[in-house]
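Next come the chains, spelled out residue by residue.
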Amino acid sequence: MTSLQKRVYEVVKKIPRGEVLTYKEVAEFAEHPLAFRAVGNILNKNRNPKIPCHRVVRISGGVGEYNKGREKKLALLKREGVVIKNDKVVILK
DNA sequence: CGTATGACGTGCA
DNA sequence: GTGCACGCCATAC
């Protein structure tokens, strides 16, 4: 269990329902701004249901991948109130 | 220890 | 808007 992994889990765990963070944001919050690549890896290997990893999307708004399938991720996000436009997450700034 | 791969991002043609 | 090359970090072999 690396510290990065711990931080990533902490951050992702704190994502409010109906909101999403980008891999880059998660990396920033985890104090490893350049490790967004590793963030994806960590989340991919993660099988902990306490981690809402489906709330982590691409910076371009794309939903990205998911260990249970992109469609599943989309469905979960929609169900939680996230607005999806043309298979892309609408990130309001 | 070097290489390859992956839930990614950026830059450029 | 699309496609491709490169860079980044962690993990698997």
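None of the values given here were measured: they were computed from a predicted structure.

Draft legend 1. Here's a closer look at the nonpolar core. Counting residues in each nonpolar core, the largest one holds 19 residues, and the members touching the most others are Val8, Val12, Val26, Val39, Leu43 and Val56. At 5 residues, the largest contribution of residues to this core is made by helix 1 (residues 3-13). Residues within four places of Val12 in sequence aside, it is in contact with Val26, Leu43, Ile51, Pro52, Cys53 and Val56. If you look at the next biggest cluster of nonpolar residues, it comprises 8 residues, including Val57, Val63, Leu74 and Val89.

Draft legend 2. Molecular detail of the protein's contact with DNA strand C. In the neighbourhood of DNA strand C, the contacting residues comprise Thr2, Leu4, Gln5, Leu34, Ala35, Phe36, Arg37, Ala38, Asn41 and Lys45. Measuring from a base oxygen of DNA strand C, one finds a side-chain N or O atom of Arg37 at 3.4 Å. Going through the elements one at a time, helix 1 and helix 3 (36-45) are the ones with two or more residues in the surface near DNA strand C. The element contributing the most residues to the surface near DNA strand C is helix 3, with 5 residues. Of the residues belonging to the surface near DNA strand C, the class tally is 5 nonpolar, 3 polar and 2 charged.

Draft legend 3. Spatial organisation of the protein's contact with DNA strand B. Every one of the 15 residues lining DNA strand B counts as a neighbour, but Arg37, Asn41, Leu43, Asn44 and Glu65 are closest to it. Those atoms of DNA strand B that come within 4 Å of the protein belong to sugar or phosphate at a rate of 46%. Take Asn44: an N or O atom from its main chain is 2.8 Å from a base nitrogen of DNA strand B. Between DNA strand B and Ile59 there is a distance of 2.9 Å, counted from a phosphate oxygen to a backbone nitrogen or oxygen. Of all the secondary structure elements, the ones that give two or more residues to the surface near DNA strand B are helix 2 (23-29) and helix 3.

Draft legend 4. Spatial organisation of unusual backbone geometry. Phi is positive for Glu31, close to 65 degrees, though the residue is something other than glycine. Within the fold, Glu31 resides in the loop between helix 2 and helix 3. A residue is classified by how much of its surface remains accessible, and Glu31, at 56% relative accessible area, is exposed. Its identity as a non-glycine residue notwithstanding, Asn86 has a phi of 55 degrees, on the positive side. The topology assignment puts Asn86 in the loop between strand 3 (84-85) and strand 4 (88-89).

Calculation notes
- Residues numbered from 1 in each chain as written.
- Chains lettered and ligands numbered in written order.
- Predicted model: local features only at pLDDT ≥ 70, side-chain atom pairs only at ≥ 80, totals over all residues.
- Heavy atoms only, no water.
- Core = buried A, V, L, I, M, F, W, Y, C linked by side-chain atoms within 4.5 Å.
- Buried < 20%, exposed > 50% of the residue type's maximum accessible area, 1.4 Å probe, protein only.
- Helix = DSSP H or I, 4+ residues; strand = E, 2+ residues; numbered from the N terminus.
- Contact = heavy atoms within 4.5 Å.
- Near = heavy atom within 4 Å.
- Polar contact = N/O pair within 3.5 Å; in protein donor to acceptor, adjacent residues only side chain to side chain.
- Nonpolar A, V, L, I, M, F, W, Y, C, P; charged D, E, K, R; others polar.

These values are about where atoms sit, not about what they do.
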